[in-house]
Amino acid sequence: MAAAIQDITIEQGSDFLLGLLFKDARKNPIDLTGVTGVAQVRQNIDDTSALCDFVITFDDNRSTGKATLFIPASVTSNLDFTVGEWDLKFAYNSGAVKRIMKGKVTLDKEITR
């Protein structure tokens, strides 16, 4: 299955928080026990370095299918781009790695500093 597309906006100088709930085809929560994740923002897909990494946390009860992506204000305040790309990959106990989500990132530049 192809990665879900989710475009996001990061507000420069503010915490970014995105709560996610993963469900199967029957709309039941997916058990994320043993899953690890990595997510990054790049200005261009082909760039060798990321602009920033998301902090990924999972609900203490991994069977709820809940995860959160976070970038602190201390990081977003130093971002300086207009539009970029992001994605989220999960690694499973089996060794499989799957891109789960991807999309465009718009940086909403701060006014008050």
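The structure presented is a predicted model; accordingly, all values stated were derived computationally and were not measured.

S.K.: Lay out the overall build of the protein with the relevant residues and their values.
M.R.: Across its full length, the protein holds 1 helix and 9 strands. Mapped in sequence order, the helices and strands of the protein form the string β-β-β-β-β-β-β-α-β-β. A compact globule built from 113 residues would reach a C-alpha radius of gyration of about 13 Å, and the protein, at 15 Å, matches this within 12%. Taken over the C-alpha atoms alone, the protein extends approximately 45 × 30 × 20 Å along its principal axes. Per-residue burial for the protein yields a buried fraction of 29% across its 113 residues. Considering only contacts within the protein whose residues lie at least 6 apart along the sequence, 63% involve residues at least 24 apart. Approximately 7,200 Å² of the protein is accessible, and the part contributed by carbon and sulfur atoms is 49%. Seen as two clouds, the 13 positive and the 15 negative side-chain charges of the protein have centres 8 Å apart.

S.K.: Residue-level account of the nonpolar core, with values.
M.R.: In terms of nonpolar packing, the biggest core is built from 26 residues, with Ile10, Phe22, Phe54, Trp86 and Leu88 touching the most fellow members. Sorting the residues of this core by element identifies strand E2 (8–11), strand E3 (16–21), strand E4 (36–42), strand E6 (55–58), strand E7 (66–71), strand E8 (83–91) and strand E9 (97–108) as the ones contributing at least two each. Residue contributions to this core peak at 4 residues, all from E9. Dropping the residues within four chain positions of it, Leu88 is found in contact with Leu20, Phe22, Val38, Ala39, Ile56, Leu69, Lys98, Arg99, Ile100 and Met101.

S.K.: Give me the pairing of E9: which residues, what numbers.
M.R.: Along any regular strand, the residues point their side chains to alternate faces of the sheet. Sheet analysis places strand E1 (residues 4–5) next to E9, joined by 2 bridges and oriented parallel. Looking across to E9, one finds that Ile5 is bridged to Lys102. Relative to E9, E2 runs parallel, the two sharing 4 bridges. Within E9, the position partnered with Thr9 by the bridge is Thr106. Taken together, E8 and the strand that follows it, E9, pair antiparallel across an intervening segment of 5 residues, in which Gly95 is found at a positive phi of about 100°.

Reading guide: rules and limits
- Residues numbered from 1 in each chain as written.
- Predicted model: local features only at pLDDT ≥ 70, side-chain atom pairs only at ≥ 80, totals over all residues.
- Heavy atoms only, no water.
- Helix = DSSP H or I, 4+ residues; strand = E, 2+ residues; numbered from the N terminus.
- Rg over C-alpha atoms; globule rule 2.2 N^0.38 Å.
- Buried < 20%, exposed > 50% of the residue type's maximum accessible area, 1.4 Å probe, protein only.
- Contact = heavy atoms within 4.5 Å.
- Areas by Shrake-Rupley, 256 points an atom, 1.4 Å probe, with all protein chains shown as cover.
- Lys, Arg positive; Asp, Glu negative; His and termini not counted.
- Charge placed at Lys NZ, Arg CZ, Asp CG, Glu CD.
- Core = buried A, V, L, I, M, F, W, Y, C linked by side-chain atoms within 4.5 Å.
- Pairing = 2+ DSSP bridges.

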